[in-house]
Amino acid sequence: MELVIGTKRWSTWSMRPWLALKRTGAPFVETLVQLREVETSTVEIRRHSPSGLVPALKDAGVVIGDSLAICEYLAERFPEAGLWPADPVDRALARAAAAEMHSGFGALRRECPMDLGQRIELTLSEDAEKDVRRIVALWLELLDRSGGPFLLGGWGNVDAFFTPVATRFETYGVDLKNYGDDGRGEAYWKGLLQKPEYLAWLAEA
Ligand SMILES: N[C@@H](CCC(=O)N[C@@H](CS)C(=O)NCC(=O)O)C(=O)O
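Residues numbered from 1 in each chain as written. Predicted model: local features only at pLDDT ≥ 70, side-chain atom pairs only at ≥ 80, totals over all residues. Heavy atoms only, no water.

Enquirer: I'd like a rundown of the site of the ligand, residues and numbers included.
Expert: Around the ligand, the surrounding shell consists of S11, W13, L35, I45, G52, L53, V54, P55, D66, S67 and H102. In this structure, S67 approaches the ligand through a side-chain N or O atom, which is 2.6 Å from an oxygen atom. A distance of 3.1 Å is found between an oxygen atom of the ligand and a side-chain nitrogen or oxygen belonging to H102. A total of 520 Å² of accessible area belongs to the ligand in isolation, and the protein chains cover 74% of it. Partitioned by chemical class, the residues of the shell around the ligand number 6 nonpolar, 4 polar and 1 charged. (Near = heavy atom within 4 Å. Polar contact = N/O pair within 3.5 Å; in protein donor to acceptor, adjacent residues only side chain to side chain. Areas by Shrake-Rupley, 256 points an atom, 1.4 Å probe, with all protein chains shown as cover. Nonpolar A, V, L, I, M, F, W, Y, C, P; charged D, E, K, R; others polar.)

And the structure:
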């Protein structure tokens, strides 16, 4: 199994399946492509990934080229890792939240690109503030249901999807109390950044 990823400091999409794969404990080959290298990035990525995007997982003779599809595949391949909740209703909620992250929160993503290890002062636009408010509401709803410590109880794919958001809140000093948080949202994102899988990624960023 080979996971092709982009620069660890910036590539949020790569981080998600990398965390999930680490969590399974399965051995894998990591192939790192440096992003933003004008001369080489595009050619290098295309050598591995027909879509021209990372991450890409090579396994069983195929290339799976999307972070959510990779995480779905890992959950099926390694059921003992518990990457989705066992309960079907919890599983549907976890999938919906991961999908909302996968396809949404564009303003926050644009204004606050992941930049690990940096501290940046910024005033969020109204649209980005709306994204943060929605994230907080979603987190609290799921934490209410599960009792935590992660969104649906134990750490899984949905938490991998929100880990890059946690890094943004840290880098840009976003205080969730201004967006409807009662403290549990902040405790949740700080908990994500303490996970050994994330610390292993950060150490190599
Ligand atoms: N929907 C895709 C998005 C992947 C994506 O946009 N990857 C970016 C890097 S984070 C990329 O490969 N960009 C090409 C480049 O930087 O040359 C996924 O979830 O995997």
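Enquirer: Could you give an account of the pattern of salt bridges, naming the residues involved and the relevant values?
Expert: Across all of its chains, the model carries 15 salt bridges by this definition. The partner of E197 in a salt bridge is R23, and the shortest N-O contact between them spans 3.7 Å. Residue E197 is located in helix α9 (residues 196-203), and its partner R23 is located in helix α1 (residues 12-24); the two are separated by 174 residues in the primary sequence. Judged by its relative accessible area of 12%, E197 is buried. According to the relative accessible area criterion, R23 is partly exposed, its value standing at 29%. Here R77 makes a salt bridge to D59, at a shortest N to O gap of 3.0 Å. Pair noted here: R77 is in helix α3 (residues 67-77) and D59 is in strand β3 (residues 56-59), with a separation of 18 residues, a long-range link. Taken together, the shared-partner salt bridges in this structure form one network comprising K8, E30 and E204. (Salt bridge = Lys/Arg side-chain N within 4 Å of Asp/Glu carboxyl O. Helix = DSSP H or I, 4+ residues; strand = E, 2+ residues; numbered from the N terminus. Buried < 20%, exposed > 50% of the residue type's maximum accessible area, 1.4 Å probe, protein only.)

Enquirer: Provide a residue-level description of the pairing of β3, including the pertinent values.
Expert: For a regular strand, side-chain orientation follows a simple rule: the groups alternate between the two sheet faces. Taken together, the 3 bridges between strand β1 (residues 2-6) and β3 define a ladder with antiparallel strand orientation. By the bridge assignment for β3, L3 is matched with L57. Inspection of the sheet shows β3 paired to strand β4 (residues 62-64) by 3 bridges, in the antiparallel sense. From the neighbouring strand, K58 faces β4, where its bridge partner is V63. Linking β3 back to β4 in an antiparallel pair, the connection comprises 2 residues, with A60 at a positive phi of about 55°. (Pairing = 2+ DSSP bridges.)

Enquirer: Go over the environment of L199, please, and point to the residues and values.
Expert: Note on placement: L199 falls in helix α9. Accessibility expressed as a relative area gives 37% for L199, which makes it partly exposed. Spatially, the C-alpha atom of L199 lies 9.9 Å from that of L19, the residues being 180 residues apart in sequence. Aside from chain neighbours lying at most four places away, what touches L199 is L193 and Q194. (Contact = heavy atoms within 4.5 Å.)

Enquirer: Any details on the domain arrangement of the chain? Residues and values, ideally.
Expert: In terms of domain boundaries, the chain breaks down into domain 1 (2-81) and domain 2 (88-200). Using C-alpha coordinates to define each centre, domain 1 is positioned 21 Å away from domain 2. Contacts between domain 1 and domain 2 engage 19 residues on the former and 22 residues on the latter. The largest share of the area that domain 1 buries against domain 2 comes from R9, R16 and R23, three residues that together contribute 32% of it. Between domain 1 and domain 2 we count 3 salt bridges in total. (Domains from an automatic or database assignment. Buried area = accessible area lost by both parts, 1.4 Å probe.)

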